[in-house]
Amino acid sequence: ENNSIEFIPFLETLYISKQKNETLIKSSTQDISTTFPFLWIWAQCQNHSNFFKISPSLILNSLYIKYITPTKDQHYTCHLRNNETLVLAPKEFRELKLTF
């Protein structure tokens, strides 16, 4: 558990997700788990135009999205530049589309 104050590496951040009692900040160089509230971190992201909150628990950095493909079950696969993938629900995909 990480209760120390860390600087969020915004330029390297791929996405931020709300977990049960933590927030996961996934960057290209490290994973940071913190107990800082997700909404507090979202407030910090709003200073950066490339971050989009597409659900109550997921913030994406558009700079790290390579492409998005539909799946057979009405969901979408978001392919990131680090070769990781995220499955997006239809509502999350619609929210992301509205931001572009």
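Here the structure is a predicted model, which is why all the values come from computation and not from measurement.

Student: Looking at this structure, I do not really get the overall build of the protein chain. What am I missing?
Tutor: Secondary structure summary: the protein chain contains two helices and eight strands in total. Overall, the protein chain shows an N-to-C arrangement of helices and strands of β-β-β-α-β-β-β-β-β-α. The C-alpha atoms of the protein chain give 13 Å as radius of gyration, which agrees with the globular expectation for 100 residues (13 Å, within 12%). Seen through its principal axes, the protein chain has C-alpha atoms that stretch 40 × 25 × 25 Å. Counting contacts in the protein chain only where the partners sit at least 6 residues apart, residues at least 24 apart contribute 34% of the total. Surface accessibility of the protein chain: about 6,300 Å² in total, with carbon and sulfur atoms responsible for 52%. Here the protein chain contributes 10 positive and 9 negative side-chain charges, whose respective centroids are spaced 10 Å apart.

Student: Is there a simple way to explain the sheet that holds strand β8 (residues 85-88) in this structure?
Tutor: Pairing between sheet strands relies on hydrogen bonds along the backbone, with the strands arranged either parallel or antiparallel. Taking strand neighbours across the sheet as the criterion, the three strands line up as β6-β7-β8 in an open arrangement whose pairing is antiparallel. Bordering the open sheet on either side are β6 (65-70) and β8, each of which pairs with just one other strand. Taken over all neighbouring pairs, the strand axes of this sheet differ in orientation by 20° on average, direction set aside. Two strands pair when backbone bridges link them, and β6 and strand β7 (residues 76-80) are joined in this way by five bridges, in the antiparallel orientation. Its bridge partner being in β7, I65 is matched across the sheet by L80. Its contacts with the sheet put helix α2 (residues 90-99) on β6, β7 and β8, and the angle it makes with β8 is roughly 100°.

Student: What is the right way to look at the pairing of strand β2 (residues 23-27) in this model?
Tutor: A regular strand places its side chains on the two faces of the sheet in alternate fashion. Judged by how many residues are buried, β2 sits mostly within the fold: five of five residues are covered. Alternating residues of β2 divide into T23, I25 and S27 and L24 and K26, and every residue in both groups is buried. Between strand β1 (residues 13-18) and β2, which pair antiparallel in sequence order, lie four residues. Bridge count between β2 and strand β3 (residues 31-34): four bridges; the pairing is antiparallel.

How each quantity is defined
- Residues numbered from 1 in each chain as written.
- Predicted model: local features only at pLDDT ≥ 70, side-chain atom pairs only at ≥ 80, totals over all residues.
- Heavy atoms only, no water.
- Helix = DSSP H or I, 4+ residues; strand = E, 2+ residues; numbered from the N terminus.
- Rg over C-alpha atoms; globule rule 2.2 N^0.38 Å.
- Contact = heavy atoms within 4.5 Å.
- Areas by Shrake-Rupley, 256 points an atom, 1.4 Å probe, with all protein chains shown as cover.
- Lys, Arg positive; Asp, Glu negative; His and termini not counted.
- Charge placed at Lys NZ, Arg CZ, Asp CG, Glu CD.
- Pairing = 2+ DSSP bridges.
- Axes fitted to C-alpha atoms, helices over the stretch in contact; angles between N-to-C directions.
- Buried < 20%, exposed > 50% of the residue type's maximum accessible area, 1.4 Å probe, protein only.

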